[in-house]
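Okay, here's what each chain looks like letter by letter:
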Amino acid sequence: MAFAIPFPMIDPIAFELGPLVIRWYALAYIAGLVGGWQYIKWVARSFPGNIKDEDVDDFLFWATIGVVIGGRLGYVLFYNFDYFMSNPTAIVQVWKGGMSFHGGFLGVVVSAILFCKKRKLPMMTFGDLLACGAPIGLFFGRIANFANAELYGRVTDVSWGVIFPNGGPEPRHPSQLYEAVMEGLILFILLFILSRSERMRNASGLFIGLFIAGYGIARSIVELFRQPDAHIGFLSGGSTMGQWLSVPMILIGLFLALRALKSTKQEAA
């Protein structure tokens, strides 16, 4: 057997307070949510649109609802529709797992649109701010996936392959870490660098476009190493559901980014 890295023995429970059990998995998601929230408040001070701290604070609740409802409905519709139609009561059993990023993303988009209309905020600028902070949540979310030994990769013979507790005896790609780096770290650095430019900040819609396209590209690449859901498997041509759902994101993201850049060129002319 090729060299492999045993899965680190991490106690899933961070600490206990009486009957309250706090898991590392939950703490990772909380860190991503809080980190993104605070970063958005900081970066908003240099963006146009006069978006205040209280606007970002108040949207946190809206975003949480959008992620939970959208993520669950996305999983139901995109990944296991037949099962949930046969077992409709299982749809609300979120604690048993089953969330879709693409669905959660759409949930946040709907929440942001409704929130901006209610507060009369510039929608695309608000979306740009959310895009700047989203990679932080993605980074910690994928770290949580790794710590929970879920969504692991395909069998591999690379020297950094990991033997996951529920992945059989063979080493697998730690695809969760690939996603943490590509969807989280790299995308964050790219958007951070661009956010230092006043011209880029004034290109309304640029950051949301780059985030959407960047996520779609990163996810499509990582899907080459990630193990598909067992009940779906591979689709036509060896593609996966994650890749199919990422194609519209790439196209829409590129359209928004190019439109934003074109508008700034016209204003400068």
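All of these numbers come straight from a predicted model, not from anything done at the bench. (Residues numbered from 1 in each chain as written. Predicted model: local features only at pLDDT ≥ 70, side-chain atom pairs only at ≥ 80, totals over all residues. Heavy atoms only, no water.)

Engineer: Any chance you could break down the overall build of the protein for me, citing the residues and the numbers?
Structural biologist: When helices and strands are counted, the protein shows 9 helices and 4 strands. In the protein, the succession of helices and strands from N to C terminus is β-β-β-α-α-α-α-α-β-α-α-α-α. For 269 residues, the compact-globule formula gives about 18 Å, and the C-alpha radius of gyration of the protein, at 20 Å, lands near that figure. Across its three principal directions, the C-alpha atoms of the protein cover 60 × 45 × 35 Å. Residues counted as buried form 43% of the 269 residues belonging to the protein. Counting contacts in the protein only where the partners sit at least 6 residues apart, residues at least 24 apart contribute 70% of the total. Total accessible area computed for the protein in this model is approximately 14300 Å², and 70% of it derives from carbon and sulfur atoms. (Helix = DSSP H or I, 4+ residues; strand = E, 2+ residues; numbered from the N terminus. Rg over C-alpha atoms; globule rule 2.2 N^0.38 Å. Buried < 20%, exposed > 50% of the residue type's maximum accessible area, 1.4 Å probe, protein only. Contact = heavy atoms within 4.5 Å. Areas by Shrake-Rupley, 256 points an atom, 1.4 Å probe, with all protein chains shown as cover.)

Engineer: Hey, could you go over the packing of aromatic side chains for me, with residue numbers and the actual values?
Structural biologist: Counting across every chain of the model gives 16 aromatic pairs. Between the aromatic rings of Phe59 and Phe126, the centroid separation amounts to 5.1 Å while the plane-to-plane angle is 90°, which identifies the pairing as edge-to-face. Remark: Phe126 occurs in helix α5 (residues 123-147) and Phe59 occurs in helix α2 (residues 53-78); sequence separation between them is 67 residues. Comparing Phe59 with Phe126 shows no difference in burial state: the two are buried. When the ring of Phe146 is compared with that of Phe164, the centres are 5.9 Å apart and the planes differ by 80°; the resulting orientation is edge-to-face. In this pair, Phe146 is assigned in helix α5 and Phe164 in the loop between β4 (162-163) and α6 (175-195), connecting sequence segments 18 residues apart. Per residue, the accessibility class of Phe146 equals that of Phe164, and both read buried. The rings of Phe7, Phe146, Tyr152 and Phe164 are connected pair by pair, giving a single aromatic cluster. (Phe/Tyr/Trp six-rings, centres within 6.5 Å; stacked < 30°, edge-to-face > 60°.)

Engineer: Tell me about the packing of α6 against helix α8 (residues 206-222), and name the residues and values.
Structural biologist: Viewed as axis vectors pointing N to C, α6 and α8 meet at an angle of 155°, and their least axial separation amounts to 10 Å. By the criterion of interaxial angle, the relationship of α6 to α8 is roughly antiparallel. Seen along the crossing, α6 lies across α8 with a hand that is right-handed. Contact residues: Ser175, Tyr178, Glu179, Met182, Glu183, Leu187, Leu191, Leu194 and Ser195 in α6; Phe207, Leu210, Phe211, Gly214, Tyr215, Ala218, Arg219, Ile221 and Val222 in α8. (Axes fitted to C-alpha atoms, helices over the stretch in contact; angles between N-to-C directions. Parallel < 35°, antiparallel > 145°, perpendicular 65-115°, else oblique. Left-handed = near helix turned anticlockwise from the far one by under 90°.)

Engineer: Summarise the nonpolar core; cite the residues concerned and give the values.
Structural biologist: Of all hydrophobic cores here, the largest spans 35 residues; its most connected members are Phe59, Phe126, Leu129, Leu206, Phe207, Phe211 and Ile212. Where this core is concerned, the elements lending two or more residues are α1 (24-43), α2, α4 (101-119), α5, α6, α8 and α9 (241-268). For this core, the element with the most residues is α5, which contributes 7 residues. Leaving out residues up to four positions away in the same chain, Phe211 has contacts with Phe101, Phe105, Ala131, Ala134, Pro135, Leu138, Leu187 and Leu191. (Core = buried A, V, L, I, M, F, W, Y, C linked by side-chain atoms within 4.5 Å.)

Function cannot be inferred from these measures alone, as they are strictly geometric.
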